[in-house]
Amino acid sequence: MKPLLEFHQVTCRFSRSWALRHASFHVPAGSITALLGPNGAGKSTALKIALNLIRPSSGHVEILGVDSRKLGPAQLARIGYVADGMELPDWMSVDQFLAWCRPLYPKWDPDLERSLRKQFSLPGDRKLSHLSRGQRMKAALIAALSYRPELLVLDEPFSGLDPVVRDEFITGLLEIAGGEGLSVVVSSHDIEEVDRLADHVVLLNHGAVVLNEGTEPLLARHRRVEILLPPDLGELPQLPANWISPQSAGRVLRFTDTGHEPEKLARALSALFPGSPPAGIHPLGLRELFVTLVREGRADSGI
Ligand SMILES: Nc1ncnc2c1ncn2[C@@H]1O[C@H](COP(=O)(O)OP(=O)(O)OP(=O)(O)O)[C@@H](O)[C@H]1O
């Protein structure tokens, strides 16, 4: 199936800085894609370009099959967008805001609206300007989800949500996405926020794409390996390029195998360290993996 969102060599330059540099990545149809990266990596800029809120300096984005610069009402009715700090009609109450949104979307689902309102327990008569940051986010989320978009674009959606609501929201999102085939792209600088959600990961750093891969294959091809070096080994031999982050302490050598295939690893180990079978081969979580990439200088800290 064709991806719903595709970045092709997108570059975005503000007066002095580059927010994106030749960024190419995609959001597979039906996926929940996490757009990760430290502060200033270019996540919000990428999402704004996708929604034609800003123009790229070069390259292009295809969203729902059209060039993002040609997005029209027909496509926008199929896309939900919620961003931390986004503008809302502050003079309206929650009730007025949702009543105002309803007729704008032919596919608005009143039952879904009701159940989200119940889940988020928002005071309907309170003005949007009088809501807390988290409550504003909830109001925007109800409005974006109730018309059952095909693509949901969330820019740091969890800021301001308390852990209980965040967890409920993630569970709700997983249910909706699973049941409806909704595609989601969610940006965050905090990997733990989206760890449970994402089945595809894009990692940006200084505007460049470091990773663009399904979570499962990404985690499957990485292993932390531990071996006990032979006692008579002199200097450490040159390690294969896909063994990154080597650390030795005494006779123990640890490294991350970034192209893990059990037989290939066994062959390389027995060639380099005959008689030293691995003492441990451990899978990594997303967070550990990104910390390793950070240490390798492939991404900044702050993830
Ligand atoms: N309007 C602008 N004018 C000038 N520079 C900008 C503008 N918007 C963003 N930038 C710069 O572009 C870079 C990327 O910013 P962006 O907001 O896309 O990062 P981000 O990954 O969303 O960060 P965060 O996690 O902090 O929200 C930053 O260096 C930022 O300072």
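Keep in mind that this is a model prediction, so the values were computed, not measured.

The phi angle at Ser-121 is positive, at roughly 30 degrees, despite the residue not being glycine. Note on placement: Ser-121 falls in the loop between helix H4 (110-120) and helix H5 (133-145). On the basis of neighbour counts, which here come to 9 C-beta atoms within 10 Å, the residue Ser-121 falls in the exposed class. The phi dihedral of Ser-245 falls on the positive side, at around 55 degrees, and the residue is not glycine. As for its position among the elements, Ser-245 is in strand E12 (residues 243-249).

Let us look at the environment of Asp-257. In this structure, Asp-257 sits in strand E13 (residues 252-257). Since 23 C-beta atoms lie within 10 Å of it, Asp-257 is described here as buried. Dropping the residues within four chain positions of it, Asp-257 is found in contact with His-222, Arg-223, Val-225, Asn-242, Trp-243 and Leu-265.

The next point concerns the sheet that holds strand E11 (residues 223-228). Taken together, 4 strands build an open sheet; the order of strands is E12-E13-E11-E14 and the sheet is antiparallel. The sheet is open, and its two borders are formed by E12 and strand E14 (278-283), each paired with just one other strand. Each adjacent strand pair in this sheet contributes to an overall mean axis angle of 15 degrees, direction not counted. Two elements, E11 and E14, share 5 bridges in a ladder whose sense is antiparallel. Pairing of Arg-224 across the sheet is with His-282, part of E14.

What follows concerns the pairing of strand E4 (residues 58-63). In the case of a regular strand, side chains alternate between the two sheet surfaces. In this structure, strand E1 (residues 5-13) lies alongside E4, joined through 5 bridges in antiparallel fashion. Bridge pairing links His-8 to His-60 in E4. The pairing of E4 with strand E5 (residues 66-67) spans 2 bridges and is antiparallel. Looking across to E5, one finds that Ile-63 is bridged to Val-66. Joining the antiparallel neighbours E4 and E5 is a turn of 2 residues, in which Leu-64 adopts a positive phi near 50 degrees.

Attention now goes to the environment of His-22. Along the chain, His-22 turns up in strand E2 (residues 18-27). C-beta crowding within 10 Å serves as the criterion here: with 15 such atoms nearby, His-22 is assigned to the partly exposed category. Spatially, the C-alpha atom of His-22 lies 9.0 Å from that of Phe-7, the residues being 15 residues apart in sequence. Dropping the residues within four chain positions of it, His-22 is found in contact with Gln-9, Thr-11 and Gly-59.

This part takes up the site of the ligand. As a matter of local geometry, the ligand sits amid Phe-14, Ser-17, Ala-19, Gly-37, Asn-39, Gly-40, Ala-41, Gly-42, Lys-43, Ser-44, Thr-45 and His-189. For the shell around the ligand, the leading source of residues is helix H1 (residues 43-50), giving 3 residues. Looking at the shell around the ligand, its residues break down into 3 nonpolar, 8 polar and 1 charged.

The rules we used
Every chain is numbered on its own, with residues counted from 1 as its sequence reads. Per-residue local features are limited, in this predicted model, to residues with pLDDT of at least 70; the limit for side-chain atom pairs, both in listing and counting, is 80 or more; totals at the level of whole chains, interfaces and linings are taken over all residues. Numbered from the N terminus, helices here are DSSP runs of H or I no shorter than four residues, and strands are runs of E no shorter than two. Field definition: a residue is buried when 20 or more other C-beta atoms are found within 10 Å of its C-beta, exposed when 12 or fewer are, and partly exposed for counts in between, with C-beta atoms placed from the backbone. We call two residues in contact if the C-beta atoms placed from their backbones are at most 7 Å apart. DSSP-based pairing: two strands are paired if at least 2 bridges between them are found. Axes here mean lines fitted to C-alpha atoms, for a helix over just the part in contact, with angles spanning 0 to 180 degrees between N-to-C directions. In this entry, near means the residue's backbone-placed C-beta atom lies within 6 Å of the molecule or strand. Think of it as three bins: nonpolar holds Ala, Val, Leu, Ile, Met, Phe, Trp, Tyr, Cys and Pro, charged holds Asp, Glu, Lys and Arg, and polar takes everything else, Gly as well.

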